[in-house]
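In case you want the letters, here they are:
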Amino acid sequence: MCAAPASSSSSRIRNYPGMAELLALLLLLLGSSSAVVEAGAPPFSCGPSSPSKALPFCNSKLPAAQRAADLVSRMTPAEKVAQLGDIAPGVPRLGVPGYKWWNEALHGVAISGKGIHLDQGAVRAATSFPQVLLTAAAFNDNLWFRIGQATGKEARALYNLGQAEGLTMWSPNVNIFRDPRWGRGQETPGEDPAVASRYGAAFVRGLQGSPSNAKAAAPPVLQTSACCKHATAYDLEDWKGVSRYSFKATVTAQDLADTFNPPFRSCVVDGKASCVMCAYTSVNGVPSCANADLLTKTFRSSWGLDGYVAADCDAVAIMKASQFYRPTAEDTVAATLKAGLDIDCGPYIQQYATSAIQKGKLAQQDVDKAVKNLFTTRMRLGHFDGDPKTGPYGGLGAAHICTAEHKNLALEAALDGIVLLKNGAGVLPLKRGAVASAAVIGHNANDVLALLGNYWGPPCAPTTPLQGIQGYVKTVKFLAGCNSAACNAAATPQAAALAASSDAVILFMGLSQNQESEGKDRTSLLLPGNQQSLITAVAAASKRPVILVLLTGGPVDITFAQSNPKIGAILWAGYPGQAGGLAIAKILFGEKNPSGKLPVTWYPEEYTKIPMTDMRMRAAGGYPGRSYRFYNGKTVYKFGFGLSYSKFSQRLHTGRKNPAHNTSLLAAGGGMMATTEDRASYYVDGIGDEVCEQLKFPAVVKVKNHGPMDGKHTALVFLRWPNATDGRPARQLVWFQSQHLKVGEKANLRFELSPCEHFSRVRRDGRRVIDKGSHFLKVGKHEVEIGFGA
């Protein structure tokens, strides 16, 4: 979401985290003695005493869109306009209650929006799962689905308790983590569009209440409404004076089609998301929230969005105040609603839509269309079916929040996401009982906020890393070492002395929301302030190689630690959620074999010479490109990197030499096209869905755990072309799956490959094609050739 700029006409500063949020967490952790407010009743319409109970919009047997149209037809023009902001008033004469659209749930129910109230009522906490980027490192869409499911269940339970005024969750964030400096990269599933696409669909299904992670229609009554954000090509906050509010991005059709847009398409087409949020970004001269090609032609006509389109907070006001897209407020509001926007996060449309109609700039039917989309979503949430407590989610309440199942899921997610980056000479795992004393050093070792990242809700059972280690070692001495993540004051001599007198030394360093968050981009990839010198001094003083645990959202350049033999092991733990401290301890002491893989490339500091404002994904001339798919420079760690305490083997089998044997289907469906590029290709949109389905073929990855520990292995299958010319990726992830294996156990991981989806690439004009000739599938070091030709 957003913090509105001070210059915007709404002047609603929403910086995150705010003092109220920090106070809420502080009260929770200190054991607040505030009086507990009794739970209320959830707002709803069409109950027995409703003045409208006999009207068609109260007939639950009718389709939601038909019911919404009936309701809108009974409203006055002023009542309709009043619905177009995130705080929508009620319509008492029709028995319609007020509603708050803005709610957050990126990694658990959060307190950043308007409609969730964890500062009052019977429930003061919610399960806090790891920040999204760490969860993505598990490469497990079933895990992502279950986290969405648990989050949606807790949100609905809060609604039933009267602690929520809305169930439209503006989550997930499926933007591509394009640049390592981006402050909000922590909220995303990473840099790969295939991962972000599967994440978005899985999380949406869970949040909205689908019974499984399989592709299917959305449930008849939504548990909550999911909103995929921020479309499109949004990945800059405030970099060297360039603000997201006024940034004008130049993005190629090729990059839009194969990098920035696929996750949003998957959200809608595969996940059946009931909302897409447009971003602040102005792409190729048109603000996203005024782009009819995006909001109407793409979201609705092409992808089939059944729901509403929301603007990021104050994006419409910013369009006038900072982007100067239209000369007047009325022109601006008219441009957005005509383009296909349905609701403004903020009051700007509510303030100016009526005058826009009066001045002939906006038609009443444009407003009616938006209001119908909004009420259709509320109908689908069951808010016009009488008391929600009698509906399919009516049994959810306080007993379904912070359950043992959800707490265990938060622990599982942290355990599966944490990435082992270095393990020199087998420093890890530590042996429980063999470590007589431990020095725990670092500003992130005993800070609950360091577990949460941004967009958090008060966690129900937080365990810091220090607390986690205290459960495994009898004598633990703690020193923060740095005054904060900025580390402009360091207790280096004291830290070195503590390290010299301890049996084991574990450093918890990294970043905080003061370096990376919404509104804040980094200018350096190095650890801030005196962190590097402190780590180096502690390692030199220690009797044994030290262990470095990094709590960060985005990647950092730790080349110094890679090459230092006194730094024996390195873990990346992201922002690991409420169970993060316990998860880290379990991995350090060998109760869990690490299995996480990096969902982003870790770049060297020299990468910061590249302007964040250069949106090109592909390398060109001296420009090195972005992400593992196109970047041609040096890396600190590669996408997909992650060590284990065990050795796994993996081998790919497709069952036949050329599974795309009947390529006459390709020619008949799409025909080889004449091209100015370096080889003939088949248009995917010309092949058609039926032929694409016939071309699918099975494959299997055979894996084995050679020991010495049981553990989970993640198989990543990549595709490469014979060359990376004409904008082809150097490689592209096409499939992934994780599997737990006991020592000596084998498994066959079976999956289906689709040439139209997995073997295609995007041309410069934005059209997807399958190249004639050889393609190569690779898992680990094993490669299989697949050919497409006459």
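Within any chain, residue numbers begin from 1 and follow the written order of that chain's sequence. Restriction of local features to residues with pLDDT of at least 70 applies here, the model being predicted, together with a cutoff of 80 or more for giving and counting side-chain atom pairs; totals for whole chains, interfaces and linings are based on all residues. Where side-chain values are given, they derive from all heavy atoms of the structure, hydrogens and water being excluded.

### Regarding the nonpolar core
Remark: nonpolar core denotes a set of buried residues (Ala, Val, Leu, Ile, Met, Phe, Trp, Tyr, Cys) joined through side-chain atoms within 4.5 Å. Burial classification: accessible surface area is computed with a 1.4 Å probe over protein chains only, and a residue below 20% of its type maximum counts as buried, one above 50% as exposed, and the rest as partly exposed. The biggest cluster of nonpolar side chains holds 121 residues, and the ones touching the most others in it are Leu-71, Trp-170, Phe-299, Phe-375 and Leu-733. Tallying contributions element by element places helix 5 (residues 141-160) first for this core, with 9 residues. Sequence-distant contacts of Phe-375, defined by excluding residues within four places in its chain, comprise Ala-68, Leu-71, Val-72, Met-75, Gln-83, Val-96 and Phe-384. Tyr-234, Leu-236, Val-549 and Met-615 belong to the second-largest nonpolar core, a separate cluster that totals 92 residues. For helices the rule is a DSSP run of H or I covering at least 4 residues; for strands it is a run of E covering at least 2, with both sets numbered from the N terminus onward. Contacts are residue-level and defined by heavy atoms, with any inter-residue pair within 4.5 Å sufficient.

### Regarding the state of the cysteines
When the sulfur atoms of two cysteines come within 2.5 Å, that pair is taken as a disulfide. Taken as a whole and assessed by the stated rule, the structure comprises 8 disulfides. The disulfide bridge from Cys-278 ends at Cys-289, spanning 2.1 Å between sulfur atoms. Here the disulfide of Cys-278 and Cys-289 is right-handed, its torsion about the S-S bond being about 110°. Of the two residues, Cys-278 is situated in strand 9 (residues 275-278) and Cys-289 in the loop between strand 11 (286-287) and helix 9 (292-302); the sequence distance between them amounts to 11 residues. Just as Cys-278 is buried, Cys-289 falls in that class too.

### Side note on the UniProt feature "domain: Fibronectin type III-like" (unreviewed entry) in the protein chain
UniProt positions are given in the numbering used here, feature names are shortened, and annotations may be inferred rather than shown by experiment. With numbering aligned to this structure, UniProt lists the feature "domain: Fibronectin type III-like" (unreviewed entry) at residues 713-783. Across residues 713-783, helical content stands at 6% and strand content at 58%; the span's end C-alpha atoms are separated by 18 Å.

### As for the pairing of strand 27 (residues 768-771)
For two strands to be treated as a pair, DSSP must find at least two bridges joining them. Direction of pairing for strand 21 (residues 681-683) relative to strand 27: antiparallel, over a ladder of 3 bridges. Residue pairing across strands places Ser-681 opposite Asp-771, the latter belonging to strand 27. Sheet analysis places strand 26 (residues 761-762) next to strand 27, joined by 2 bridges and oriented antiparallel. Bridged to Arg-761 within strand 27 is Val-769.

### Notes on the confidence of the model for the protein chain
This prediction gives the protein chain a mean pLDDT of 92; 92% of its residues lie at or above 70. Confidence scores per residue from the predictor, reported as pLDDT, run from 0 to 100. Within the model, the stretch residues 3-24 combines pLDDT values under 50 with 52 contacts to residues more than four positions away or in other chains. The model gives residues 26-38 a pLDDT under 50, and that stretch makes 15 contacts with residues more than four places away or in other chains.

### As for unusual backbone geometry
Look at the link from Lys-229 to His-230: it is a cis peptide, with omega at -5°. Note on placement: His-230 falls in strand 5 (residues 228-231). Phi is positive for Cys-487, which is not a glycine, with a value near 50°. Topologically, Cys-487 is positioned in the loop between strand 15 (475-479) and helix 17 (492-500). Look at Cys-487 and you get buried, because its relative accessible area is 0%. Despite not being glycine, Ser-627 has its phi angle at roughly 70°, a positive value. Within the fold, Ser-627 resides in helix 21 (residues 627-630).

### Quick notes on the packing of aromatic side chains
Note on ring pairs: Phe, Tyr and Trp rings are taken, using the six-membered ring of Trp, and paired if centres are within 6.5 Å. Classes follow the plane angle, with under 30 degrees stacked, over 60 edge-to-face and the rest tilted. Summed over all chains, the structure comprises 29 aromatic pairs. Consider the rings of Tyr-603 and Tyr-631, whose centres lie 4.9 Å apart with planes at 75°: the pair is edge-to-face. Taken as a pair, Tyr-603 in the loop between helix 20 (580-588) and helix 21 and Tyr-631 in the loop between helix 21 and strand 19 (648-653) lie far apart in primary sequence, 28 residues in all. On the basis of relative accessible area, Tyr-631 is assigned to the buried category, the value being 12%. Geometrically, a charge over a ring is one whose NZ (Lys) or CZ (Arg) sits within 6 Å of the ring centre while staying within 35 degrees of the ring normal. The ring of Tyr-472 is capped by Arg-432, whose NZ or CZ atom sits 4.2 Å from the centre of that ring. Above the ring of Tyr-683, the side-chain terminus of Arg-767 is found at 3.4 Å from the ring centroid.

### Description of the environment of Ala-201
Assignment of secondary structure puts Ala-201 in helix 6 (residues 193-208). Ignoring anything within four residues of it in the chain, the contact list for Ala-201 reads Ser-266, Asp-270 and Gly-271.

### Observations concerning the sheet that holds strand 11
Across the sheet, which stays open at both edges, the 3 strands sit in the order 8-10-11 with mixed pairing between neighbours. The sheet terminates laterally at strand 8 (248-249) and strand 11, the two strands that pair on one side only. Sheet analysis places strand 10 (residues 282-283) next to strand 11, joined by 2 bridges and oriented antiparallel. Bridge pairing in strand 11 places Val-283 opposite Val-286.

### Quick word on the pattern of salt bridges
We define a salt bridge as a side-chain nitrogen of Lys or Arg found within 4 Å of a carboxyl oxygen belonging to Asp or Glu. The full count for this structure, using the stated rule, is 37 salt bridges. For Asp-70, the salt bridge identified is with Arg-74, shortest N-O distance 3.0 Å. Of the charged contacts, one joins Arg-618 and Asp-255 as a salt bridge, the two residues approaching to 2.6 Å between their closest N and O atoms. Of the two residues, Arg-618 is situated in the loop between helix 20 and helix 21 and Asp-255 in helix 7 (residues 253-260); the sequence distance between them amounts to 363 residues. On the accessibility criterion, Asp-255 (3% relative accessible area) is buried. Through salt bridges with shared partners, a single network forms among Arg-184, Glu-187, Glu-237, Arg-244 and Glu-518.

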